[in-house]
Amino acid sequence: MNNKDIAKILYEISDILEIQNVQFKPRAYQKAAMNIETLDEELKEIYKKGGIKAIDALPGIGESIAQKIEELLKTGKLKYYAQLKKQFPMDIAGLTSIEGLGPKTAAKLYQKLKIKNLKTLEAAARTHKISKIKDFGEKTEQNILRGLEFLKSSGNRMLLSEALPLAEKIIAELQKVKGAKKVVYAGSIRRMQETIGDIDLLAVSDHPKLIMDAFVGLPEVESIHSKGETMSSVRLKIGRDTDLRVLPPKSFGAALQYFTGDKNHNIEVRKIAIKRGYKLNEYGLWRGKKIIACETEEEIYKKLVMETPPPELRTASGEIEAAKKNSLPKLVGYNDIRGDLQIHSEQTDGSASIEEMADAARKMGYKYMAITDHTKSLAMTGGLNEKKLAQQGKEIDKINKKFQISNFKFQILKSAEVNILKDGSLDINNETLAKLDIVSAAVHSNFKMSRVEMTARIIKAMQNPYLNILFHPTGRILGRREGYQIDIDAVIAAAKKYGVALEIDAYPNRLDLRDEHIRKAVEAGIKLVIDTDSHSPAHLQFMKFGIAQARRGWAKKTDILNTLPADKLLTAFKNLKKK
DNA sequence: GCCGTTTTCGGCCCGACTGTTTTCAGTCG
């Protein structure tokens, strides 16, 4: 029984308690489930080490839920859950994945029509049995059928790199509407989360109706979920939902605050407001019937006696406590990066020449970049061997000389994405590695090793005296694969011991390290780099996603080595090795 | 059922929109 299984059961208990109109408990179970999902250690392990006490100590989990987890870990079953399930034996998670269908509706459908899952739901909707139940009608039935179609056609969430340009395009169209003073994105896009469910937009306008009409009439819109004076929700043709809120100009800051933080952040902030005798909603911070702050986010947070957390941090994971103590970190900025340390050329699997990539990097305002082609054991990319790496080095020397003559103040660093073999050795000899400016390495094969073996393999590679950076340390690909099993704490400890920096790979479907790993690395005091893993000039633009990832991991400028000028960067790598 | 800068007891975030009915429950973010 792993964390996912346990969380799923707790979510289901929450839903059933919700159906039974139990007060407060649903939220408690939901919170516990959410916290369990984000743990990076298995409850099984935590229990083995610290027993029920250690489980009880986890946030959102108290005596009662801890006991239930213990029962699940020991027996694989939970009596309390089985009892609840007897009354409501339907697939609640499946049924409630339909937009607009919640646990209570699922319960009614079960009680009236014995609907247990999506299959029986569809059959009932198609034969018009649903519209005949009391409290249900024609529209509800249609909405259920539409929801079923949507589920069949859509995948999970979209990448930030897909959502951001789409949001920007819609914003550009809405800004043309008469009376539109401001249109911005909020929600998970403003937090720069790695994946996005819905797009949340905010507009400020004195003519809300005009902008709402324009919004639901956009060519990208497929259908309208709801349309009101201040809020509308649509489904786009690409199968994604977008919500727009229109507010009076004065409420802009309050609305931005309200619609940026995730649910947990907002709950926490509103609690603080209540404690201080206020009420906080999307129109402002209220004392009684009087608004005392609303125009900017800063004045609202200030009235609550705290700093304004950067949007990327607003997930109730410590930023509120830090903001109260004025101890929020000064995060690495979107303009702090001076060079990109993972770039591929056409000599392996890139699409452009070294010089073309360098031109693109200079246009980004960088002072340097590293060419990191694959090495020989990655046969499918035509990986370079020792001889070809030496040749590439000579070519780089020539281009650098040319740049010097043109007074470009830009340097190409010699590097490589060296393969870590199954036994943890590198596939390029040390003599050749010694001649590179920076040595980076990554795992590209044998992904399915056990956690113990994979961790040992990577740590062995980190012991190589020439290794400077471990690229995309977990190997995960968003929407495709989990990543290999590693003990991230052990890898971080090894990074510290052997003077190796860890990469934050900015490629939109990698974003590897993950935010919580970055945070651990920062706390452990190890150094990081942010690279794009570019295979074409256009990919260099991905840097902002890597920086966002670093920010969500609480990384400061000083934690990120490629915020340094080239000479200091190379010295920093050397110094890491001396320790 | 959880939690603690009001608290080991008494609180627990907030509002808009829909659908189906006539005043609101359910859902969503």
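Computed from a predicted model, the values in this text were never measured in an experiment.

Thresholds, definitions, all that
- Residue positions are given per chain, counting from 1 as you read along its sequence in written order.
- Numbering of ligands from 1 and lettering of chains from A proceed in the order in which they are written.
- Whole-chain, interface and lining totals are the exception, using all residues; otherwise, since this is a predicted model, local features are given only for residues with pLDDT of at least 70 and side-chain atom pairs are given and counted only at 80 or more.
- The basis for every side-chain value is the complete set of non-hydrogen atoms in the structure, without hydrogens or water.
- Helix and strand labels come from DSSP, where a helix needs a run of H or I of at least four residues and a strand needs a run of E of at least two; each type is numbered from the N terminus.
- The reference for a compact globule is 2.2 Å times residues^0.38; the radius of gyration itself is calculated from the C-alpha atoms.
- Three exposure classes are used, based on accessible area relative to the maximum for each residue type with a 1.4 Å probe and protein chains only: buried under 20%, partly exposed in between, and exposed over 50%.
- Contacts: residue pairs with any heavy atoms within 4.5 Å of one another.
- Per-residue accessibility takes into account occlusion by the displayed protein chains alone, with areas from the Shrake-Rupley method and a 1.4 Å probe.
- All tallies of charge rest on Lys and Arg as positive and Asp and Glu as negative; His and the ends of each chain are not included.
- For the purpose of locating charges, the reference atoms are NZ of Lys, CZ of Arg, CG of Asp and CD of Glu.
- Two strands are said to pair when DSSP picks up at least two bridges between them.
- Axis geometry follows a simple rule: fit a line to the C-alpha atoms, using only the stretch in contact for helices, then measure angles between N-to-C directions, giving values from 0 to 180 degrees.
- A pocket, in this scheme, is an open set of points on a 1 Å grid over the protein atoms alone with protein on both sides within 12 Å along at least 5 of 7 lines, while a cavity is a set where a 1.4 Å probe fits but cannot get out; residues line either one if an atom lies within 4 Å of a point.
- Grid points are joined across faces, edges and corners, and a volume is the space filled by probe spheres set on the points.
- Charged means Asp, Glu, Lys or Arg here, nonpolar means Ala, Val, Leu, Ile, Met, Phe, Trp, Tyr, Cys or Pro, and polar covers whatever is left, Gly included.
- Residue-level confidence of the predictor is summarised by pLDDT, bounded by 0 at the bottom and 100 at the top.
- Exposure above 30% relative accessible area and no salt bridge define the residues that can form patches, which grow by joining like charges within 9 Å and nonpolar side chains of Val, Leu, Ile, Met, Phe, Trp and Tyr within 5 Å.
- One speaks of a salt bridge when a side-chain nitrogen belonging to Lys or Arg is within 4 Å of a carboxyl oxygen belonging to Asp or Glu.
- We call a set of buried residues a nonpolar core when its members are Ala, Val, Leu, Ile, Met, Phe, Trp, Tyr or Cys and they connect through side-chain atoms within 4.5 Å of each other.
- Note on angle classes: values under 35 degrees are labelled roughly parallel, values over 145 roughly antiparallel, values of 65 to 115 roughly perpendicular, and the remainder oblique.
- Note on aromatic pairs: the rings of Phe, Tyr and Trp (six-membered ring only in Trp) are paired at centre separations within 6.5 Å, and the planes decide the class, stacked below 30 degrees, edge-to-face beyond 60, tilted for the rest.
- Near residues are defined by distance, with any heavy atom within 4 Å of the molecule or strand qualifying the residue.
- Counting of polar contacts relies on pairs of N or O atoms within 3.5 Å, with two restrictions inside protein: one atom must be capable of donating a hydrogen and the other of accepting it, and residues adjacent in sequence are counted only when both atoms are side-chain atoms.

Description of the overall build of chain A
Phase 1 of the analysis: From N to C terminus, chain A includes 24 helices and 18 strands.
Phase 2 of the analysis: Over its C-alpha atoms chain A spans a radius of gyration of 27 Å, differing by no more than 12% from the 25 Å that the globule rule assigns to 579 residues.
Phase 3 of the analysis: In terms of overall dimensions, chain A has a C-alpha envelope of 80 × 65 × 50 Å along the principal axes.
Phase 4 of the analysis: When each of the 579 residues of chain A is scored for burial, the buried share is 53%.
Phase 5 of the analysis: Within chain A, counting contacts between residues at least 6 apart in sequence, those at least 24 apart form 66% of the total.
Phase 6 of the analysis: Accessible surface, chain A as shown: approximately 27,400 Å² in total, 52% of it carbon and sulfur.
Phase 7 of the analysis: Charged side chains of chain A number 97 positive and 74 negative; the gap between the two group centres comes to 3 Å.

Here's the deal with the environment of Leu-389
Phase 1 of the analysis: In this structure, Leu-389 sits in helix α18 (residues 386-405).
Phase 2 of the analysis: Expressed as a C-alpha distance, the spacing of Leu-389 and Arg-240, which sit 149 residues apart in the sequence, is 46 Å.
Phase 3 of the analysis: Sequence-distant contacts of Leu-389, that is, excluding residues within four places in its chain, are made with Thr-375, Leu-384, Ser-415, Ala-416, Ile-428 and Thr-432.

Let's talk about the sheet that holds strand β15 (residues 440-442)
Phase 1 of the analysis: Strand order in the open sheet formed by five strands is β14-β15-β16-β17-β18, with parallel pairing between adjacent strands. The open sheet is flanked by β14 (417-419) and β18 (528-531), the only strands paired with a single partner.
Phase 2 of the analysis: Here two bridges tie strand β16 (residues 469-470) to strand β17 (residues 501-505), and the two strands are oriented parallel to one another. Its bridge partner being in β17, Leu-470 is matched across the sheet by Leu-502.

Focus: the sheet that holds strand β4 (residues 199-205)
Phase 1 of the analysis: Strand order across the open sheet formed by five strands is β2-β4-β7-β6-β5, with mixed pairing between neighbours. This sheet does not close on itself; its edge strands, each paired only once, are β2 (180-185) and β5 (221-227). Put simply, the sheet's adjacent strands are angled 20 degrees from each other on average, direction ignored.
Phase 2 of the analysis: Helix α12 (residues 208-216) rests against β2, β4, β5, β6 (231-236) and β7 (241-247) of the sheet, and its axis sits at about 170 degrees to β7.
Phase 3 of the analysis: Of the strands in this sheet, β2, β4 and β7 touch helix α13 (residues 252-260), which is tilted by about 175 degrees from β4.

Some thoughts on the layout of surface pockets
Phase 1 of the analysis: Within this model, the second largest pocket holds a volume of roughly 320 Å³.
Phase 2 of the analysis: Lys-8, Tyr-11, Asp-15, Ala-93 and Thr-96 are, among the 13 residues lining the second largest pocket, the residues nearest its centre.
Phase 3 of the analysis: Contributing elements (two or more residues each) for the lining of the second largest pocket: α1 (3-19), α2 (25-38) and α6 (92-95).
Phase 4 of the analysis: Ranked by residues supplied to the lining of the second largest pocket, first place goes to α1 with eight residues.
Phase 5 of the analysis: Considered class by class, the residues forming the lining of the second largest pocket number three nonpolar, four polar and six charged.

Overview of the confidence of the model for chain A
Phase 1 of the analysis: Put simply, chain A has an average pLDDT of 91, and 98% of its residues get 70 or more.
Phase 2 of the analysis: Mean pLDDT across the elements of chain A ranges from a minimum in helix α9 (residues 138-153), with 84, to a maximum in β18, with 98.

Focus on a positive patch on the surface
Phase 1 of the analysis: A cluster of basic residues, Lys-330, Arg-338, Lys-367, Lys-409, Lys-557 and Lys-568, forms a positive patch at the surface.
Phase 2 of the analysis: In this fold, Lys-367 is placed in the loop between α17 (354-363) and β12 (368-371).

So, the nonpolar core
Phase 1 of the analysis: Ranked by internal contacts, the top residues of the largest apolar core, which has 61 residues, are Met-369, Ile-412, Met-462 and Leu-502.
Phase 2 of the analysis: Apart from the residues within four sequence positions on either side, Leu-502 is in contact with Met-462, Ile-469, Leu-470, Pro-473, Val-491, Ile-492, Ala-495, Leu-513, Ile-526, Lys-527, Leu-528 and Val-529.
Phase 3 of the analysis: Counting residues in each nonpolar core, the second largest holds 45 residues, with Ala-7, Tyr-81, Ala-106 and Leu-148 among its members.

Considerations on the packing of helix α20 (residues 451-462) against helix α21 (residues 488-498)
Phase 1 of the analysis: Relative to each other, α20 and α21 sit at 10 degrees, their axes nearing to 10 Å. In terms of orientation, α20 lies roughly parallel with respect to α21. When α20 is examined against α21, the residues Thr-455, Ile-458, Ile-459 and Met-462 are found in contact with a partner set consisting of Ala-490, Val-491, Ala-494, Ala-495 and Tyr-498.
Phase 2 of the analysis: Along the lines of polarity and charge, the residues of the contact of α20 with α21 split into eight nonpolar, one polar and no charged.

Some thoughts on the pattern of salt bridges
Phase 1 of the analysis: Taken as a whole and judged by the stated rule, the model has 30 salt bridges.
Phase 2 of the analysis: Measuring nitrogen to oxygen at the nearest pair gives 3.5 Å for the salt bridge that ties Asp-533 to Arg-510. Separated by 23 residues along the polypeptide, Asp-533 in the loop between β18 and α23 (543-552) and Arg-510 in the loop between β17 and α22 (515-524) bring together distant segments of the chain. You'll find Asp-533 and Arg-510 in the same group, each marked buried.
Phase 3 of the analysis: Between Asp-515 and Arg-552 there is a salt bridge; the shortest N-O distance is 2.9 Å. On the criterion of sequence distance, the pair formed by Asp-515 in helix α22 and Arg-552 in helix α23 is long-range, its members being 37 residues apart.

A look at the packing of aromatic side chains
Phase 1 of the analysis: The full count for this structure, using the stated rule, is seven aromatic pairs.
Phase 2 of the analysis: Aromatic pair Tyr-258 and Phe-259: ring centres 5.0 Å apart, planes at 65 degrees, arrangement edge-to-face.
Phase 3 of the analysis: The exposure class assigned to Tyr-258 is partly exposed, which follows from its relative accessible area of 21%.
Phase 4 of the analysis: The structure contains a cluster of three or more aromatic residues connected by ring pairs, namely Phe-403, Phe-408 and Phe-410.

Side note on the protein's contact with DNA strand B
Phase 1 of the analysis: Taken together, 50 residues lie near DNA strand B, and Gly-60, Gly-62, Thr-105, Gly-137 and Arg-270 sit nearest.
Phase 2 of the analysis: Counting only the atoms of DNA strand B within 4 Å of the protein, the fraction contributed by sugar and phosphate is 78%.
Phase 3 of the analysis: At 2.7 Å from a base oxygen of DNA strand B is found a side-chain nitrogen or oxygen belonging to Tyr-258.
Phase 4 of the analysis: Of all the elements in the fold, those that place two or more residues in the surface near DNA strand B are α2, α4 (63-75), α7 (103-113), α9, β5, β7, α14 (263-275) and β8 (279-281).
Phase 5 of the analysis: The leading source of residues in the surface near DNA strand B is α14, at six residues.

Some details on α23
Phase 1 of the analysis: With nine of ten residues buried, α23 is to be regarded as a mostly interior element.
Phase 2 of the analysis: Along α23, the residues classified as buried are Met-543, Phe-545, Gly-546, Ile-547, Ala-548, Gln-549, Ala-550, Arg-551 and Arg-552.
Phase 3 of the analysis: In the stretch just after α23, Trp-554 is the one whose phi turns positive, near 65 degrees.

With respect to the side chain of Gln-392
Phase 1 of the analysis: As for its placement among the helices and strands, Gln-392 is situated in helix α18.
Phase 2 of the analysis: Accessibility expressed as a relative area gives 3% for Gln-392, which makes it buried.
Phase 3 of the analysis: At 2.9 Å, the side chain of Gln-392 and the side chain of Asp-373 are in polar contact.
Phase 4 of the analysis: For Gln-392, the contacting residues outside a window of four places in its chain are Ser-345, Gln-347, Ile-354, Ile-371, Asp-373, Leu-384 and Ser-415.

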